[in-house]
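Here are the chains, one letter per residue:
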Amino acid sequence: PRSTYVRDAHLEIAKVWEADGQKEKSAAAYARFAGRYPGDPGAADAWLKAADLYAAAGNADQALEIRFAYIKRYPDDVETAMEVYEPLALRDLATTGPSRPISTLLGASTGKVGKLGKGARAASAAPSHLSEYLKRAKTHPNLASPGIMAQVSFLKGEEAQPAYEALRIRQPLPPSIAAKQKSLDHLMGLYRQSVDLGVPEWTHASTFRIGEALVAFGQALEKSERPADLQGDALTAYEDVLFDRAGSFTSRGEGVWSDLLRHKGAGAKDDPWIARAQGA
């Protein structure tokens, strides 16, 4: 057992199984070697080799377990960690929807956590694969997938949108308009983050939402609460000014949609967001 040949024997066993097409047995042998000789220069490659062989054998769960073990043992290999977490982050993103907003994957509070039970709070606090991916992307943005980052920003906008739309403009107007404007700026900032990443699918979606948010601001002005003491010609004059200001927001929103249609790529023919912009 103390022979200097034992290390080589472990590797030769793994190679023999691999050459014979016995992927799972070879994977297990590579993992045994890496576990027994963690300080060996070849240990890191053996972990990854074991994971690849398990995956090739159709044992995805074992492959993932080995890859997580590798990430834990070699935290400085951020590139491999990003590669491991990327498909898992995409899988998490595919589960989002009205009943599961993006914040539930990011560990962010939506204001409803306090009403949940202990189990639900614990579940919402548990880090998702997406949150692990984003944590690494924050310190190594050059390794991050633009598609994932753009989708995350878009989904953050989608979650913020209902609160923006729910804000009514009431009397007195100045503080109410300021609150609505602040919410608009926040919403547009999230969508612009998505646009800036240049991924067509999310650029089109976010651009449409920006135009929609501007039009919604104009509509909110038109439907805003009127001063109780205005009647007749005074009320008409007030509404003329109000509708003029509202129209400027509507025009800006329509301008955003027009720009989207002018600059759409050749492959945007079947893009539903382009169709929505045309209809709007």
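From a predicted model like this one, the values you see are computed outputs, not experimental measurements. (Residues numbered from 1 in each chain as written. Predicted model: local features only at pLDDT ≥ 70, side-chain atom pairs only at ≥ 80, totals over all residues. Heavy atoms only, no water.)

**Describing the nonpolar core**
For clarity, the threshold we go by: Throughout this description, the term nonpolar core refers to a set of buried Ala, Val, Leu, Ile, Met, Phe, Trp, Tyr and Cys residues connected via side-chain atoms within 4.5 Å. Throughout, exposure labels follow a simple rule: accessible area from a 1.4 Å probe, protein chains only, divided by the maximum for the residue type, with under 20% read as buried, over 50% as exposed, and the rest as partly exposed. Note on conventions: DSSP H or I runs of at least 4 residues are helices, E runs of at least 2 residues are strands, and numbering of each starts at the N terminus. Any two residues having at least one pair of non-hydrogen atoms within 4.5 Å are treated as being in contact.
Counting 53 residues, the largest nonpolar core has Leu130, Tyr133, Leu184 and Leu221 as the members making the most contacts within it. Looking at which element gives the most residues to this core, the answer is helix α11 (residues 200–222), with 11 residues. Ignoring any residue separated from it by four or fewer positions in sequence, one finds Leu221 in contact with Ile169, Ile177, Arg226, Leu242, Arg245, Ala246 and Phe249. In terms of nonpolar packing, the next biggest core, distinct from the first, is built from 20 residues, Ala44, Leu53, Ile66 and Tyr70 among them.

**Points about unusual backbone geometry**
With an omega dihedral of -5°, the bond running from Gln171 to Pro172 counts as a cis peptide bond. As for its position among the elements, Pro172 is in the loop between α9 (146–166) and α10 (173–196).

**Section: the packing of helix α5 (residues 78–93) against α9**
Stated formally: To obtain each axis, a line is fitted to C-alpha atoms, and for helices this fit is confined to the stretch in contact; angles are then taken between N-to-C directions over 0 to 180 degrees. Any angle from 65 to 115 degrees is called roughly perpendicular, while one under 35 is roughly parallel, one over 145 is roughly antiparallel, and all others are oblique. Here a crossing is called left-handed whenever its near helix is offset anticlockwise from the far helix by less than a right angle, and right-handed whenever the offset is clockwise. Residues are sorted three ways: Asp, Glu, Lys and Arg are charged, Ala, Val, Leu, Ile, Met, Phe, Trp, Tyr, Cys and Pro are nonpolar, and all the rest, Gly among them, are polar.
Direction vectors running N to C along α5 and α9 enclose 25°, while the axes themselves pass 11 Å from each other. As far as their axial angle goes, α9 and α5 are roughly parallel. In this structure, the crossing between α5 and α9 has a hand that is left-handed. From α5, Glu86, Ala89, Leu90 and Leu93 reach across to α9, where they touch Ile148, Gln151, Val152 and Leu155. Looking at the contact of α5 with α9 residue by residue, the classes come out as 6 nonpolar, 1 polar and 1 charged.

**Focus: the environment of Glu212**
Under the convention used in this document: Polar contacts, as used here, are pairs of N or O atoms within 3.5 Å; protein pairs need one atom able to donate a hydrogen and one able to accept it. Residues neighboring in sequence count only if both atoms are side-chain atoms.
With respect to the element layout, Glu212 can be found in helix α11. In this structure, the C-alpha to C-alpha distance between Glu212 and Glu254, residues 42 residues apart in sequence, is 8.3 Å. If sequence neighbours within four positions are ignored, Glu212 has contacts with Gln161, Trp257 and Arg276. In this structure the side chain of Glu212 is engaged in a polar contact, spanning 2.8 Å, whose partner is the side chain of Arg209.

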